[in-house]
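Now for the letters of each chain:
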Amino acid sequence: MFRLHRIYAILLLLTLAARAESAAQDLLEAGIAEFNAAYQTWDGGRFANACDTLRRAATNSPPALTNYYWLGVAEFHRLLQIENRPDRTVDKRAADQARDAAIDALTIALKIDSYHAESHALIGTLYGMKIGGNILKAIRYGPTVEKHRKAAIALGSKNPRVQYLLGVCKLHTAKNQNALRSALDTLLEALRLFEAEAQTTAGTLDPRWGYATCLTFTGRCYELLGQLRDAEQFYRKALAAHPADHLAEEGLKRVTTNNQ
């Protein structure tokens, strides 16, 4: 009889664990769906909702790379939305919270799987943003940025989001025309990889973010190089893929005004 009770207890525990795992999976999928909707509309409230849902998915189940990766992605984009509002107002406290939350989530992701290229690229980008041109911060965080950059390249040279993030970092730190051309080459390679990825079937949990914004920054590279017709072409492509992209809209206005 005692043995039978033990069997029933084990079965009950397994059932409860399975239900908890299923609930966490449902939360993860709901969080990713909300993130994708937020990305398309570039809506700060929806990014916040996605972060909340993905945080619950991450904390209500055993540590899993996918959960913390997606939480880091959502917090990263919440940060971008806060820092790049059309009205140019920035809630610094909210930005700092989103940045730190993204770094924390991606740090856990890399503890679970130190070979995850996108997490390396994201966390390197976040620390680069943290530097923000400050020399003292560059001394402090520069080695961390370089470590993650090297890891991202070594592990994900054929990953479009890795190349996109590296290209944007190059663009933001470019000091001359040669550096801008290097950034452009990296972004064009990212677009080639994005286009190849688009020919494959995506699972529910597979990332597909980055393509439209990569088009925008490619346009920006061409604009800074003085190639305004090419810039216009890429800004238009970006807006066709992502009509809510105000950076592409502003860029298109600049180059078409200057090109008249």
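Residues numbered from 1 in each chain as written. Predicted model: local features only at pLDDT ≥ 70, side-chain atom pairs only at ≥ 80, totals over all residues. Heavy atoms only, no water.

*Asks:* Just to check I follow, could you spell out the overall build of the protein for this structure?
*Replies:* Looking only at helices and strands, the protein has eleven helices and zero strands in total. Starting at the N terminus, the α and β elements of the protein follow one another as α-α-α-α-α-α-α-α-α-α-α. In terms of its C-alpha atoms, the protein occupies a principal-axis envelope of roughly 90 × 40 × 35 Å. Out of the 260 residues in the protein, the part that is buried amounts to 44%. Contacts in the protein between residues at least 24 apart in sequence constitute 62% of all its contacts with a sequence separation of at least 6. For the protein, the centre of its 32 positive side-chain charges and the centre of its 27 negative side-chain charges are spaced 5 Å apart. (Helix = DSSP H or I, 4+ residues; strand = E, 2+ residues; numbered from the N terminus. Buried < 20%, exposed > 50% of the residue type's maximum accessible area, 1.4 Å probe, protein only. Contact = heavy atoms within 4.5 Å. Lys, Arg positive; Asp, Glu negative; His and termini not counted. Charge placed at Lys NZ, Arg CZ, Asp CG, Glu CD.)

*Asks:* What is the right way to read the nonpolar core from this model?
*Replies:* Soluble, globular proteins show a tendency: their nonpolar side chains are buried together. Of all hydrophobic cores here, the largest spans 74 residues; its most connected members are Phe35, Trp70, Leu122, Tyr164 and Trp209. A per-element tally of this core places helix H3 (residues 65-83) first, with eleven residues. Once residues within four sequence positions are removed from consideration, Phe35 is found in contact with Phe47, Ala50, Trp70, Val73, Ala74, His77 and Trp209. (Core = buried A, V, L, I, M, F, W, Y, C linked by side-chain atoms within 4.5 Å.)

*Asks:* I would appreciate a short explanation of the packing of aromatic side chains in the present structure.
*Replies:* Two aromatic rings are characterised by how far apart their centres lie and by the angle between their planes. Under the criterion given, the structure shown has eleven aromatic pairs. Geometrically, the ring pair formed by Phe35 and Tyr39 is tilted, given 6.1 Å between the ring centres and 45° between the ring planes. Pair noted here: Phe35 and Tyr39 are both in helix H1 (residues 2-41), with a separation of four residues, about one helical turn. The buried category is assigned to Phe35, whose relative accessible area is 0%. Joined through ring pairs, the aromatic side chains of Phe35, Tyr39, Trp42, Phe47, Tyr69 and Trp70 make up one cluster. Arg161 extends its terminal NZ or CZ atom over the ring of Trp209, reaching a point 6.0 Å from the ring centre. Sitting above the plane of the Phe234 ring, Lys237 keeps its charged end 4.9 Å from the centroid. (Phe/Tyr/Trp six-rings, centres within 6.5 Å; stacked < 30°, edge-to-face > 60°. Lys NZ or Arg CZ within 6 Å of the ring centre and 35° of its normal.)

*Asks:* What am I meant to see in the packing of H3 against helix H5 (residues 117-131) here?
*Replies:* Helix packing geometry: the angle between the two helix axes and the distance between the axes. For the pair H3 and H5, the least separation of the axes is 11 Å and the interaxial angle reads 30°. Compared by their axis directions, H3 and H5 come out roughly parallel. Seen from above, H3 lies across H5 with left-handed handedness. Between H3 and H5, the contacting residues are Tyr69, Val73, Phe76, Leu79, Leu80 and Glu83 on the first element and Glu118, Ser119, Leu122, Thr125, Leu126 and Met129 on the second. Tallied by class, residues from the contact of H3 with H5 come to eight nonpolar, two polar and two charged. (Axes fitted to C-alpha atoms, helices over the stretch in contact; angles between N-to-C directions. Parallel < 35°, antiparallel > 145°, perpendicular 65-115°, else oblique. Left-handed = near helix turned anticlockwise from the far one by under 90°. Nonpolar A, V, L, I, M, F, W, Y, C, P; charged D, E, K, R; others polar.)

*Asks:* When you look at the pattern of salt bridges in this model, what are you seeing that I'm missing?
*Replies:* Should their charged atoms come close, side chains of opposite charge can pair. Counted according to the given criterion, the structure contains 16 salt bridges. Of the charged contacts in the structure, one is a salt bridge between Glu83 and Arg99, with a shortest N-O distance of 2.8 Å. In this pair, Glu83 is assigned in helix H3 and Arg99 in helix H4 (residues 92-112), connecting sequence segments 16 residues apart. Overall, Arg99 belongs to the buried group, its relative accessible area being 8%. Linked through salt bridges whose partners overlap, the residues forming this network are Asp52, Arg55, Glu75 and Arg78. (Salt bridge = Lys/Arg side-chain N within 4 Å of Asp/Glu carboxyl O.)

*Asks:* Any chance you could explain the confidence of the model for the protein here in plain terms?
*Replies:* Predicted coordinates in regions of low pLDDT should not be interpreted in detail. Mean pLDDT over the protein: 90, with 90% of residues reaching 70 or higher. Segment residues 11-18 is flagged for pLDDT under 50; beyond a separation of four residues in sequence, or across chains, it makes zero contacts in the model. (pLDDT = per-residue confidence, 0-100.)

*Asks:* Any chance you could explain the side chain of His148 here in plain terms?
*Replies:* With respect to the helices and strands, His148 occurs in helix H6 (residues 135-156). Under the relative-accessibility criterion, His148 is labelled buried at 7%. There is a polar contact of 3.0 Å between the side chain of His148 and the side chain of His120. Those residues in contact with His148 that lie beyond four places of it in its chain are Leu110, His120, Ile123 and Gly124. (Polar contact = N/O pair within 3.5 Å; in protein donor to acceptor, adjacent residues only side chain to side chain.)

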